[in-house]
Amino acid sequence: MHDQNYSYYKLLRATTTQLLTTDRLSHTIMKTYMQLISSRIRVFQQGLSVILLIGLVVPIALGSFAETTIAQSKVKLARKSVRFRLPPIPKGDPPGGTGSGGAGRDNCPQVNVPLTVLMPTSLRTAQTGRQVKDVWGLTTTESSPLWFYSPYSEGDRYPVELIIRQDHRNGKILARRSVLMPKNPGVFTVLMPESLMGMKVNDRRYWQLNLNCNPKRMGVPIRLEGMVQRVEVSPSDLKALETAETPHDRAAQYADRGIWLDALNLLGNARTAEPENLEIKEDWRSLLDSAGLSTVLTD
């Protein structure tokens, strides 16, 4: 642009010198001035066009970005937390049970968080007037694994036994099997024996997990116990569960209906498959926290 203006300046000077004595001076000078002015106007118009274009494009781009951000925020806000709602205790013999084991028994290492079953615990007042804990969980399946938290390093060297009883805590023993705990602290699952993978609706299974920190199985073991019962969902609940598309949605449906083990299995398996998925981690934390099990959350 500087070179263009300089050329017009040279042209103007040469023209003025040549025509100083002619009567066409005013006309020629005016024509040259008009060319210079026209050039300036074109440059100004081009600059103004760019400014106007920027003024239009930037707000549109920012508006689109803002709309996208707001939409994403709405989706995040609309995502329902997975929260467990404790249902009424099943009819029949109260479950009773023990949800966590005391530290230091039978030479077990001192730990901050004890051996714990991932199962809700409710309180009731017994006929004697004392408060009693019930450890229990519902499922819609023929068999459900049990989930535990082990706080022990080298936990795989401790003898552990699972006992399954029928109907009530002192009922007939249906199965007895050894369990291998993980070597490092963390959550682990225990599958039901194959012979028991056929619970019918309203069937109960009472389980008992014994941990002996003495390799020779001497002394008093840590004992956890509770109940599993199979239930049937209503047709309306079944329809809602069938339309749920993701593990999050299905787990939220089960948890809201008090079907603990199905919600836990869904999120536990999803967490194992995608350990770095932040949304699954949040769902897992939310579910355990809603059941009073936040002490076992280590990540």
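See the structure printed just above.
Now for a look at the structure at hand. As the structure is a prediction and not an experimental result, all values here were calculated from the model. (Residues numbered from 1 in each chain as written. Predicted model: local features only at pLDDT ≥ 70, side-chain atom pairs only at ≥ 80, totals over all residues. Heavy atoms only, no water.)

Here we look at the pattern of salt bridges
Put simply, the rule reads: What counts as a salt bridge is simple: a side-chain nitrogen of Lys or Arg found within 4 Å of a carboxyl oxygen of Asp or Glu. Starting at the N terminus, helices and strands are each numbered in turn, a helix being any DSSP run of H or I of at least four residues and a strand any DSSP run of E of at least two. Each residue is assigned to one of three classes by its accessible area relative to the maximum for its type, calculated with a 1.4 Å probe on protein chains only: buried under 20%, partly exposed between the two thresholds, exposed over 50%.
With the rule as written, the count across this model stands at six salt bridges. The residue aspartate 237 makes a salt bridge to arginine 257 at a minimum N-O spacing of 2.8 Å. A residue pair is termed long-range when its members are at least 10 positions apart, and aspartate 237 in helix H3 (residues 235-243) and arginine 257 in the loop between helix H4 (247-256) and helix H5 (260-273) qualify at 20 residues. Residue aspartate 237 is classed as partly exposed on the basis of its relative accessible area, which comes to 21%. A relative accessible area of 25% places arginine 257 in the partly exposed class.

Here's the deal with the sheet that holds strand S9 (residues 222-230)
Heads up, the condition is: For two strands to count as paired, DSSP must find a minimum of two bridges between them. Helix axes are fitted to C-alpha atoms over the stretch in contact, other axes to C-alpha atoms as well, and angles between N-to-C directions run from 0 to 180 degrees.
Taken in spatial order, the six strands make up an open sheet running S2-S3-S9-S8-S5-S6, and their pairing is mixed. Among the strands making up the open sheet, the edge pair consists of strand S2 (121-125) and strand S6 (173-179). If you compare each strand with its neighbour and ignore which way they point, the axes differ by 30° on average. Both strand S3 (residues 131-139) and S9 contribute to a ladder of four bridges, which runs parallel. Note on S9: the bridge partner recorded for tryptophan 136 is methionine 227.

Section: the pairing of strand S8 (residues 204-211)
The buried count for S8 comes to eight of eight residues, which makes it a mostly enclosed element. Judged by which residues are buried, S8 turns out to be covered on both faces: Arg204, Tyr206, Gln208 and Asn210 on one side and Arg205, Trp207, Leu209 and Leu211 on the other are all buried. Of the pairings in the sheet, the one linking strand S5 (residues 160-166) to S8 comprises seven bridges and is antiparallel in character. In the strand pairing of S8, glutamate 161 is matched with asparagine 210. When S8 meets S9, the two strands line up antiparallel, connected through eight bridges. In the sheet register, leucine 211 faces S9, and the bridge partner there is isoleucine 222.

Notes on helix H6 (residues 278-290)
Defined as follows: The span one expects for a helix is its residue count, reduced by one, times 1.5 Å. Contact criterion: two residues are considered in contact whenever any of their non-hydrogen atoms come within 4.5 Å of each other. Polar contact criterion, stated in full: a pair of N or O atoms within 3.5 Å, where within protein one must be able to donate a hydrogen and the other to accept it, and residues adjacent in sequence count only if both atoms are side-chain atoms.
Taking 1.5 Å as the rise per residue, H6 with 13 residues should run 18 Å; its terminal C-alpha atoms sit 18 Å apart, in good agreement. Structurally, H6 contributes buried residues whose contacts are with strand S4 (146-150), strand S7 (186-190), H4 and H5. By the N-cap criterion, in which a side-chain oxygen at the helix start approaches the backbone nitrogen of a residue two or three places on, H6 is capped by asparagine 277, the distance to glutamate 279 being 3.0 Å. Just past H6, the residue glycine 292 takes up positive phi, approximately 75°.

A word on the sheet that holds strand S1 (residues 116-117)
If you trace the three strands from one edge of the open sheet to the other, you get S1-S4-S7, paired in antiparallel fashion. Edge positions in the open sheet fall to S1 and S7, since each of these has one partner strand only. The pairing of S1 with S4 spans two bridges and is antiparallel. Bridged to valine 117 within S4 is phenylalanine 148.

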